[in-house]
Amino acid sequence: MKKALLAVALAANALIAAAANPMVELKTSAGNIVLELYPEKAPKTVANFLDYVKSGHYNGLIFHRVINGFMIQGGGMNSAMEEKATRAPVENEGKNGLKNDAGSIAMARTQNPHSATAQFFINLEDNRSLNYPSPDGWGYTVFGKVTEGMDVVRKIGKEPTTTRGFHRDVPATPILIESARQLPEKAAK
């Protein structure tokens, strides 16, 4: 009996360990982007991001900051450059070993390392200066990577930008996040 229970427990653990990482699809006005998230490396950040996805927070927002050769940032503002309300900040998990390499997704924040809420950015290049420990001792929390649509990310990165109010590097033509949704596990590759 003990051997049977042990076998069942080991099988259950193997299934949990083999579970696919969550996948999120961003449908944008420039094309689709699919993200693979790493909850084992950044559990609080991934849970936070998925909560925003499931609540519909990102739907209708824009990529409001685009710097070619650096990153594209979204998740916080609508096309009128009005900031959307957010929940409490998430703890910085920048010490997780993941790097701000091209194609990685990380949380945007202020100078306060624990200020990230809903805004995120996708790195266009390897941005080593953003990695833990970075000059501020914390770095920016990477929590996933682009698995499909890096061509879309690069296209967004090359959009002409302007200044709107006190916001610089705003795409002259808004790049809309039409929807964000978690893909069913069976659809994940």
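Residues numbered from 1 in each chain as written. Predicted model: local features only at pLDDT ≥ 70, side-chain atom pairs only at ≥ 80, totals over all residues. Heavy atoms only, no water.

Novice: Explain the sheet that holds strand β10 (residues 176-182) residue by residue, including any values.
Specialist: Taken together, 8 strands build a closed barrel; the order of strands is β1-β2-β7-β5-β6-β4-β3-β10 and the barrel is antiparallel. The average undirected angle you get between the axes of adjacent strands in this sheet is 35°. Relative to strand β7 (residues 142-148), strand β2 (residues 31-37) is paired through 4 bridges, and the arrangement is antiparallel. In the sheet register, Glu36 faces β7, and the bridge partner there is Lys145. Contacts from helix α2 (residues 43-55) reach β1 (23-28), β2, β5 (104-107), β6 (120-123), β7 and β10, with the element oriented near 115° to β10. Sitting on the sheet, helix α3 (residues 150-157) touches β1, β2, β3 (61-67), β4 (71-74), β6 and β7, and the angle it makes with β2 is about 115°. (Pairing = 2+ DSSP bridges. Helix = DSSP H or I, 4+ residues; strand = E, 2+ residues; numbered from the N terminus. Axes fitted to C-alpha atoms, helices over the stretch in contact; angles between N-to-C directions. Contact = heavy atoms within 4.5 Å.)

Novice: Can you break down unusual backbone geometry residue by residue, with the values?
Specialist: Tyr132 connects to Pro133 through a cis peptide bond whose omega is 5°. Despite not being glycine, Met81 shows a phi value in the positive range, around 65°. Along the chain, the position of Met81 falls in the loop between β4 and β5. Positive phi, close to 65°, is recorded for Asp169, a residue that is not glycine.

Novice: Explain α2 residue by residue, including any values.
Specialist: Across its 13 residues, α2 extends 18 Å between first and last C-alpha, which sits within 8% of the 18 Å expected from 1.5 Å per residue. Taken as a whole, α2 has its buried residues at Thr45, Val46, Asn48, Phe49, Leu50, Tyr52 and Val53. Where the residues of α2 are buried, they touch β1, β2, β5, β6, β7 and β10. At the C-terminal side of α2, Gly56 shows a positive phi close to 85°. (Expected span 1.5 Å × (residues − 1). Buried < 20%, exposed > 50% of the residue type's maximum accessible area, 1.4 Å probe, protein only.)

Novice: Tell me about the packing of aromatic side chains, and name the residues and values.
Specialist: All told, the structure shown has 7 aromatic pairs when counted by the stated rule. Taken together, Phe49, Tyr52, Tyr58, Phe63, Phe120 and Phe143 form an aromatic cluster joined through their ring pairs. Positioned above the aromatic ring of Trp138, the side-chain terminus of Lys95 is 4.9 Å from the ring centre. Directly above the aromatic system of Tyr140 lies the positively charged group of Arg109, at a separation of 4.1 Å from the ring centroid. (Phe/Tyr/Trp six-rings, centres within 6.5 Å; stacked < 30°, edge-to-face > 60°. Lys NZ or Arg CZ within 6 Å of the ring centre and 35° of its normal.)

Novice: Go over the pairing of β1 with me, naming the residues and quoting the values.
Specialist: Of all 6 residues in β1, 5 are buried, a share of seventy percent or more. With 6 bridges connecting them, β1 and β2 associate as antiparallel partners. Its bridge partner being in β2, Leu26 is matched across the sheet by Ile33. With 5 bridges joining them, β1 and β10 adopt antiparallel strand pairing. Bridge pairing in β10 links Val24 to Gln182.

Novice: Which residues make up the pairing of β4, and what are the values?
Specialist: Burial along β4 is two-sided: the face carrying Met71 and Gln73 and the face carrying Ile72 and Gly74 are both buried. Hairpin remark: β3 followed by β4, antiparallel, with 3 residues in the connecting loop; positive phi at Gly69, about 85°. Where β4 meets β6, 4 bridges bridge the pair, whose relative direction is antiparallel. Across the sheet, the residue bridging to Gly74 is Phe120, located in β6.

Such coordinate-based values are descriptive only and should not be taken to indicate function.
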